[in-house]
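One-letter residues, chain by chain:
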Amino acid sequence: MKRAFMIVALVVLGLSPRDARAQAGDPSLRFGNSSFQVTPAEQAVQAFAEARRDADLATVRAFRPAYAFWQHLFAIPDGRIILGSAQDGRLLATLPLQGDWTREADWQDASFRALVVGKPLPRRLSDRRDELVRLLEPTTGPLVHNPTRGNFLLPNVARYGPFLSEWATIYERFGVPADVGLSQAVLESGLNGQARSGASALGLCQFLKRNWAHLNRITTHTIEAFNQTTQAPYCAAYLSVLATMYGSYIPALSEHHSGGVNVGRVVINGERLGGGDAREQYFLGSDFARGLRGIALNKYKDLYRTYGPRSFRYAEMVFGNALTVTRLAETTPQVRIFAMRTSRAWSLAEITRQTGLSADQVKRFNPAIIRQVPARADLYLPSPVAAFGPDVSFWHRAASPEYASLLNEFLRLESGVQRWHDPSFQAVLQGFERRFRGTATDEGLVMASTLTYVLNDLRTRRGAILEEFRTSTRIQDLFAQGLRILQASLTGSE
C-alpha cells in the first residue's frame, strides 16, 4: 500500500525540487531579501525548519513519487491537459481540451505519439482521457493527468511576483521554509490578495473571514485581510504552529486545507496501518481513505468524512509547486516592501499626493484599499514615508535574540496531536503565548495571537471527537472491515 505558455520557460520540465537545488548548489532554497546579519539563533531556526522540510520531501518522494508533476499545473494557461508519469512526475504530454490529440498534442517523447496515431478516441473528454491512459500505460507505466490552471496564477505574476522575496523573508522569520509556505499560497490564491472563495475564505492563504475577524480581535492593530503582506506573517505563524504540533509540514498543510478533525482521522488510521511517524501515518491514512472512497464511498465514510480527492493531493501539490515559486522569484525582478503603521486613517488621495505614486501603484502594494487605509493598520509602499507612521518592516532587520531563541525553543516542542489536546500541554502552549507576547516584537505578537487562536481551536470538541475515533469499538471494527475489503481489492481475491 505504501508504494501502491506564459511562464512555462520558468519551469525546468521534469526536474524535481531536490535535483534543482543540487544543480544550483544551494540546498536550502532560501530566496529572501534579508540584507542583515543573521544571528546564531536565527540560523538554528532556519536549519531546523529546513531539516524538517527535507525529511518531509524524502517522505513525499517515497509515497507520492509523481509530486514533481504538479509544478506544471500553474505554469501553463487553462485549456490544456497535462499528462505525466506517476512513477517520477516527468511531464510526458500537453494536450488541448478540444482538438485532435493524435495531431495537436505536444509530446515530450515523440515515440509515445505513435501509440495513439490511428486509434479512435472518444469525443467525451473524461472518456478520451481514460482511453489515452489505457493506450499508453503498457509502455509508459502508471500515469497521472490533470487540466491546467495557469490562469489562476499567471495573470498575477507581473503584479505580485516581484514581492516574493519579501514574503519569503517573512515566512522564514516564523520558521517556515519560504518555498513551502509560498507554494501553499499559490495553490490557495494564485498570490492574489483579493482572492475570495465561495465559502468566504479570503486572501493569500485563504483563511475564513470569521478567522481573520477573530485574529483581528486579539491583535493590537488592524488586520486588513486582503493585503498579502499583512496576511503572510499569520499564514506563516499558523503553518509553523501546526508543523510543530505534527512534527511535519505535510499534515500541517493538509489541516489548513481540510480541517484538523479530518486530518486527525487520517493520521490515526495511518497509525493503525503501522506508520512510524506523522509523515508516514498521514500518507498511509490518506491512501487508505482514497482506496475506500473508490470502493464504497458511503459505506466507510465515518473513517474519512469529507477528506476527498483534493485533500489527498494537497500536500504533494504544495511540494511540487515549491520549484515553481523559486523559479518565479529567481526570474522576476524583486522589489522591497516597507510597512508604516498608521495612527490615523489615510485616504487614497492623501497617499498618492504624499508619495507621487498613482492610485494603481498604491493598490498594488495594498490590495485591500478602496478609499482609505484605516487607523492602526499597516500601509505598504516601495520606500518608507515617515509621515504615515513608524516603519514596522520587521523582515528588513534581524530578529531580536529573545524572539529568535524563543522560536527555536518552540519549534522543538514534542509533537503529537493527542498530546497537544491534553489540558496539561495546553498550559505549556499558554506559557509560550505569554513569552512571545513578552518579547514586544511584531513577530512575537503575531506568534502570540496565532497561538491564542490555535488554543481556542484545541479547546473545542475537536479533541473529544478524535479521542472517540481513536477508541470507539465501532470505528475500529469498521476500519478492520475496510482494510480487509481494500486488501482483497488489491489482490483480486474475494
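For clarity, every value in this text was computed on a predicted model and none was experimentally measured. Chains are numbered independently. Their residues run from 1 in the order of the written sequence. Local features in this predicted model are restricted to residues whose pLDDT is 70 or higher, and side-chain atom pairs enter the listing and the counts only when it is 80 or higher, whereas totals over whole chains, interfaces and linings include all residues. By convention in this description, side-chain values take in all heavy atoms of the structure and omit both hydrogens and water.

## Points about the pairing of strand 1 (residues 80–85)
Taken across its 6 residues, strand 1 has 6 buried, putting it largely inside the fold. A two-sided burial pattern is seen for strand 1, the buried positions comprising R80, I82 and G84 on one face and I81, L83 and S85 on the other. Looking at chain direction, strand 1 and strand 2 (residues 91–96) are connected through 5 bridges and run antiparallel. Within strand 2, the residue paired with I82 across the bridge is T94. Only protein chains enter the accessibility calculation, which uses a 1.4 Å probe; a residue is then buried when its area is under 20% of its type maximum, exposed when over 50%, and partly exposed in between. Starting at the N terminus, helices and strands are each numbered in turn, a helix being any DSSP run of H or I of at least four residues and a strand any DSSP run of E of at least two. We treat two strands as partners when DSSP finds at least two bridges between them.

## Quick notes on the nonpolar core
For this analysis, a nonpolar core means a set of buried residues of the types Ala, Val, Leu, Ile, Met, Phe, Trp, Tyr and Cys, connected via side-chain atoms within 4.5 Å. Counting 119 residues, the largest nonpolar core has W167, L303, F410 and F436 as the members making the most contacts within it. For this core, the element with the highest residue contribution is helix 9 (residues 228–246), accounting for 12 residues. In this structure, F436 is in contact with Y403, L406, L407, F410, G444, L445, M447, A448 and L451, ignoring residues within four places of it in sequence. When checking whether two residues touch, look at their non-hydrogen atoms; a contact exists if any pair is within 4.5 Å.

## A closer look at the pattern of salt bridges
Salt bridges are defined by distance alone: a side-chain nitrogen of Lys or Arg within 4 Å of a carboxyl oxygen of Asp or Glu. In total, this model carries 26 salt bridges according to the counting rule given. Of the charged contacts, one joins E42 and R173 as a salt bridge, the two residues approaching to 3.4 Å between their closest N and O atoms. Here E42, found in helix 2 (residues 40–63), pairs with R173, found in helix 6 (residues 164–173); they are 131 residues apart in sequence, far enough to count as distant. When its relative accessible area of 7% is taken as the criterion, E42 is described as buried. One salt bridge in this structure joins R53 and D54, with 2.8 Å as the shortest N-O distance. It is possible to trace a salt-bridge network through shared partners that takes in R64, D287, R313 and E316.

## What to know about helix 12 (residues 278–295)
Here a helix's expected span is defined as the number of its residues, less one, multiplied by 1.5 Å. End to end, helix 12 covers 26 Å across 18 residues, agreeing with the expected 26 Å (1.5 Å per residue, within 8%). Every buried residue of helix 12 is accounted for by A278, R279, Q281, Y282, F283, L284, G285, S286, D287, F288, A289 and L292. Here the buried face of helix 12 lies against helix 2, helix 9, helix 10 (249–258), helix 11 (260–272), helix 13 (309–331) and helix 21 (473–491).

## Observations concerning the environment of L239
Mapping L239 onto the fold places it in helix 9. Of the residues examined, L239 reaches a relative accessible area of 2% and is grouped as buried. Separated by 10 residues in the primary sequence, L239 and Y249 place their C-alpha atoms 7.4 Å from one another. Those residues in contact with L239 that sit more than four places away from it in its chain are V176, G181, Q184, Y249, A252 and L253.

## Observations regarding the state of the cysteines
In what follows, a disulfide is any cysteine sulfur pair within 2.5 Å. Applying the stated criterion to the full structure yields 1 disulfide. A sulfur-sulfur distance of 2.0 Å marks the disulfide that ties C205 to C235. Residues C205 and C235 share a disulfide whose torsion about the S-S bond is about -80°; that sign makes it left-handed. Of this pair, C205 sits in the loop between strand 5 (201–202) and strand 6 (207–208) while C235 sits in helix 9, and the two are 30 residues apart along the sequence.

## Description of helix 11
An ideal rise of 1.5 Å per residue puts 18 Å on 13 residues; helix 11 measures up with 18 Å between its terminal C-alpha atoms. Burial within helix 11 is extensive, with 10 of its 13 residues counted as buried. Looking at the buried positions of helix 11, the neighbouring elements they touch are helix 9, helix 10, helix 12, helix 20 (462–471) and helix 21. A positive backbone phi angle near 100° is found at G274, which sits one or two residues after helix 11.

## A word on the packing of aromatic side chains
A pair of aromatic rings is counted whenever rings of Phe, Tyr or Trp (Trp by its six-membered ring) have centres within 6.5 Å, and the orientation is called stacked for planes under 30 degrees apart, edge-to-face for over 60 and tilted otherwise. Throughout the structure, instances matching the rule amount to 23 aromatic pairs. Note on F163 and F365: the rings are 4.8 Å apart at their centroids and 45° apart in plane angle, and the pair reads as tilted. Here the residue F163 occupies a position in the loop between helix 5 (150–160) and helix 6, and F365 occupies one in helix 15 (residues 359–365), the gap between them amounting to 202 residues. As far as burial versus exposure is concerned, F163 and F365 are alike and both buried. Grouped by ring-pair contacts, the aromatic residues F174, F394, W395, Y403, F410, W420, F425, F432 and F436 constitute a single cluster. Charges are assigned to positions over rings by a cutoff of 6 Å between ring centre and Lys NZ or Arg CZ, combined with an angular limit of 35 degrees from the ring normal. The aromatic ring of F152 is capped on one face by R149, whose charged end is 4.7 Å from the ring centroid.

## Some thoughts on unusual backbone geometry
Positive phi, normally seen in glycine, also occurs at L191, with a value near 70°. On the secondary structure map, L191 appears in the loop between helix 7 (178–189) and strand 5. By relative accessible area, L191 is classed as buried at 0%. Look at R305: it is not a glycine, yet its phi comes out positive at around 50°.

## Quick notes on the confidence of the model for the chain
A low pLDDT means the predicted coordinates there should not be read in detail. Taken as a whole, the chain shows an average pLDDT of 92; of its residues, 93% reach a score of 70 or greater. Contacts from residues 1–30, a stretch scored under 50 in pLDDT, to residues over four places away or in other chains number 66 contacts. For every residue, the predictor assigns a confidence score, pLDDT, that lies between 0 and 100.

## Re the packing of helix 12 against helix 13
Running from N to C, helix 12 and helix 13 cross one another at 150°; their axes reach a closest spacing of 9 Å. Classified by the interaxial angle, the pair formed by helix 12 and helix 13 is roughly antiparallel. The crossing of helix 12 and helix 13 is left-handed. Note on element contacts: helix 13 touches helix 12 through P309, S311, F312 and R313, opposite Y282, S286, D287, R290 and R293. Here the contact of helix 12 with helix 13 is composed, by residue class, of 3 nonpolar, 2 polar and 4 charged. Axis definition: a line fit to C-alpha positions, over the contact stretch in the case of helices; interaxial angles, taken between N-to-C directions, run 0 to 180 degrees. In this scheme, roughly parallel covers angles under 35 degrees and roughly antiparallel covers those over 145, while 65 to 115 is roughly perpendicular and the rest are oblique. When the near helix sits turned anticlockwise from the far one by under a right angle, the crossing is termed left-handed; a clockwise turn instead gives a right-handed crossing. Here the term charged refers only to Asp, Glu, Lys and Arg, the term nonpolar to Ala, Val, Leu, Ile, Met, Phe, Trp, Tyr, Cys and Pro, and the term polar to all other amino acids, Gly among them.

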